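Given next are the chains, with one letter for each unit.
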Amino acid sequence: MTGETATSSRKRDHLLICCEKPIEAGDAGFGDVRLVHNALPECDMDAIETGTRFLGASLDSPLFIAAMTGGHPDTLEVNRRLARAAERYNLGMGVGSQRAALEKPELEESFAVVREEAPHAFLCANLGIVQLRDHGIEWAERAVEMIDAQAIAIHLNPLQESIQPEGDHNAEGCLEALRTLCEEFSRPVIVKETGSGISAETARQVRGAGASAIDIGGHGGTSWAKIERLRTDDSGLADLGEAFLSWGIPTVVSLCEVRTAGGPIIATGGLRSGIDIAKAVALGADLGGMALPLLKPAMESEEALFAAVEAMHRELRVAMFLTGSRRMRDLRHTRTYITGLTRQMIENSD
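Residues numbered from 1 in each chain as written. Predicted model: local features only at pLDDT ≥ 70, side-chain atom pairs only at ≥ 80, totals over all residues. Heavy atoms only, no water.

### Observations regarding the sheet that holds strand β10 (residues 265-268)
Applied cut-off: Strand pairing is defined by DSSP finding a minimum of two bridges between the two strands. Runs of E in the DSSP output that reach at least two residues are strands. Runs of H or I that reach at least four are helices, and both are numbered from the N terminus. Inter-axis angles, ranging from 0 to 180 degrees, are taken between N-to-C directions of lines fitted to C-alpha atoms, where helices are fitted over the stretch in contact.
Reading around the barrel, the eight strands line up as β4-β5-β6-β7-β8-β9-β10-β11 and close back on themselves, with parallel pairing between neighbours. Each strand axis lies, on average, 25° off the axis of its neighbour in the sheet, ignoring direction. Of the strand pairs in this sheet, strand β9 (residues 213-215) and β10 are connected by two bridges, and their pairing is parallel. Note on β10: the bridge partner recorded for Ile-214 is Ile-265.

Structure below.
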């Protein structure tokens, strides 16, 4: 098997495992967060406005369709449905890692279909930081051109690389590659983790390098350690994946740390409802990203996906109503209670 087909096959493996196996691990911390109830909201729930702005784009909702898939023919229909949802509801959307299509151009359609189906949506291209370091700005430009993206997400996934049979264990030179991209690139650069969270220290590093926004990708949702453990036939790597299932910074803790570095934030990692999106916004996020909760209905049908999006928007609106938030800017000033282990971790990070 060539390197190109191995990458494409891995994408299909990931998709199947995500849909068929329990691949979540940890606690994102949203259960420890309560929005302060307003018994006298003084607003009309039917007139609440969920629109927001992100990196210059006007969106109808803070729900962000987080990076999921692409790079294998079997992923094309899923991306088509997700893109139709992004277009229909004017949501931001990120695609999965485009490495497979950059290595093998005949796979580009599994990504290009997103722009075809969502001509007006805010789209984010996706490239791993190791691939950025090894191939430079040329690959970033090709990734953006493939889907006519308004921004590019550079993903960080050291835990996954550590456990993946094909993983790259050398992370040297990545920060400098990021700095060069931010200085020379024509589009905003978003730095995203893939399930282990971003600390305050790392947030300051990437913001200092010029990143326009941070996608925290916190611990408590989809676990790539668990996915790679399920995927490998190597018992040693499977044991390694098991050992690191609890590794990472819970999403709520990561969000509270990253907000100290300033700049726009996408909160991803274990958000499972419109209420979680509301909590994330109240804690400092601009958008709340979801992958797995949208991937499963997208695999089922377009109608199931649209129903899932509408359910999350109903929950978001009710949460805004119950906090007296007419608009997103009001929700951002809503008071929260934080309890339990999440509170302890936040206090210890000060």
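Additional details are given in the paragraphs that follow.
### A closer look at empty space enclosed by the protein
The condition that has to hold: Cavities and pockets were defined on a 1 Å grid built over protein atoms only: a cavity is a set of grid points that admits a 1.4 Å probe from which the probe cannot escape, a pocket is an open set flanked by protein on both sides within 12 Å along at least five of seven lines, and lining residues are those with an atom within 4 Å of any such point. Grid points are joined across faces, edges and corners, and a volume is the space filled by probe spheres set on the points. Here the nonpolar group is Ala, Val, Leu, Ile, Met, Phe, Trp, Tyr, Cys and Pro; Asp, Glu, Lys and Arg are the charged ones; every other residue, Gly included, is treated as polar.
On inspection of all chains with the given rule, the structure shows three cavities of 30 Å³ or more. Along the wall of the second largest cavity there are 20 residues; nearest its centre are Leu-159, Thr-194, Gly-195, Ser-196 and Trp-224. Taken together, the elements giving at least two residues each to the lining of the second largest cavity come down to α7 (158-163) and α10 (224-231). If one sorts the elements of the lining of the second largest cavity by residue count, α7 sits on top with three residues. For the lining of the second largest cavity, the per-class residue count stands at nine nonpolar, ten polar and one charged.

### Topic: the packing of aromatic side chains
Quick note on the threshold: Here the aromatic set is Phe, Tyr and Trp, taking the six-membered ring for Trp, and pairing holds for ring centres within 6.5 Å; pairs whose planes are under 30 degrees apart are stacked, those over 60 apart are edge-to-face, and all others are tilted. Note on classification: 1.4 Å probe, protein chains only; a residue is buried when its accessible area is under 20% of the maximum for its type, exposed when over 50%, partly exposed between these limits.
Here the structure, examined in full by the defined rule, presents three aromatic pairs. Ring centres of Phe-54 and Phe-122 lie 5.9 Å apart, and the angle between their planes is 90°; this geometry places the pair in the edge-to-face category. Taken as a pair, Phe-54 in strand β2 (residues 52-54) and Phe-122 in the loop between α4 (109-117) and β6 (123-128) lie far apart in primary sequence, 68 residues in all. Phe-122 sits in the buried class, given a relative accessible area of 4%. Ring geometry for Tyr-89 against Phe-306: centres 5.8 Å apart, planes inclined by 80°, an arrangement best described as edge-to-face.

### Observations concerning the side chain of Thr-323
Rules: Polar contact criterion, stated in full: a pair of N or O atoms within 3.5 Å, where within protein one must be able to donate a hydrogen and the other to accept it, and residues adjacent in sequence count only if both atoms are side-chain atoms. Contact definition: two residues touch when any of their heavy atoms are within 4.5 Å.
Position of Thr-323 among the secondary structure elements: in the loop between α15 (302-322) and α16 (328-331). Judged by its relative accessible area of 12%, Thr-323 falls in the buried class. Polar contacts involving the side chain of Thr-323 include one to the main-chain carbonyl oxygen of Ala-319, which spans 3.0 Å. Looking at Thr-323, its side chain comes within polar contact range of the main-chain oxygen of Met-320, at 3.0 Å. Thr-323 has contacts with Leu-35, Val-36, Asn-38, Leu-331 and Thr-334, leaving out every residue within four places of it along the chain.

### A closer look at the nonpolar core
The following threshold applies: Only buried residues count toward a nonpolar core. Its members are Ala, Val, Leu, Ile, Met, Phe, Trp, Tyr and Cys residues joined through side-chain atoms within 4.5 Å.
Counting 89 residues, the largest nonpolar core has Ile-152 and Leu-294 as the members making the most contacts within it. Here the element with the most residues in this core is α15; it accounts for eight residues. In terms of nonpolar packing, the next biggest core, distinct from the first, is built from 13 residues, Phe-54, Ala-66, Ile-266 and Leu-287 among them.

### What about the pattern of salt bridges?
To keep things clear, this is the line we draw: Salt bridge, as used here, is a side-chain nitrogen of Lys or Arg placed within 4 Å of a carboxyl oxygen of Asp or Glu.
Inspection of every chain in the model, using the stated rule, returns 13 salt bridges. Arg-81 is paired through a salt bridge with Glu-77; the nearest N and O atoms lie 3.4 Å apart. In this pair, Arg-81 and Glu-77 both sit in helix α2 (residues 76-89), four residues apart, roughly one turn of the helix. Since its relative accessible area comes to 17%, Arg-81 is described here as buried. Under the relative-accessibility criterion, Glu-77 is labelled partly exposed at 33%. Taken together, the salt bridges that share partners define one network made up of Glu-77, Arg-80, Arg-81, Arg-84, Glu-117 and Glu-302.

### Quick word on α4
Within α4, seven of the nine residues are buried, leaving the element largely enclosed by the surrounding structure. Ser-110, Phe-111, Ala-112, Val-113, Val-114, Arg-115 and Glu-117 are the residues of α4 that are buried. Elements in contact with the buried residues of α4: α2, β5 (92-94), α3 (99-103), β6 and α6 (137-147).

Keep in mind these values describe shape, not function.
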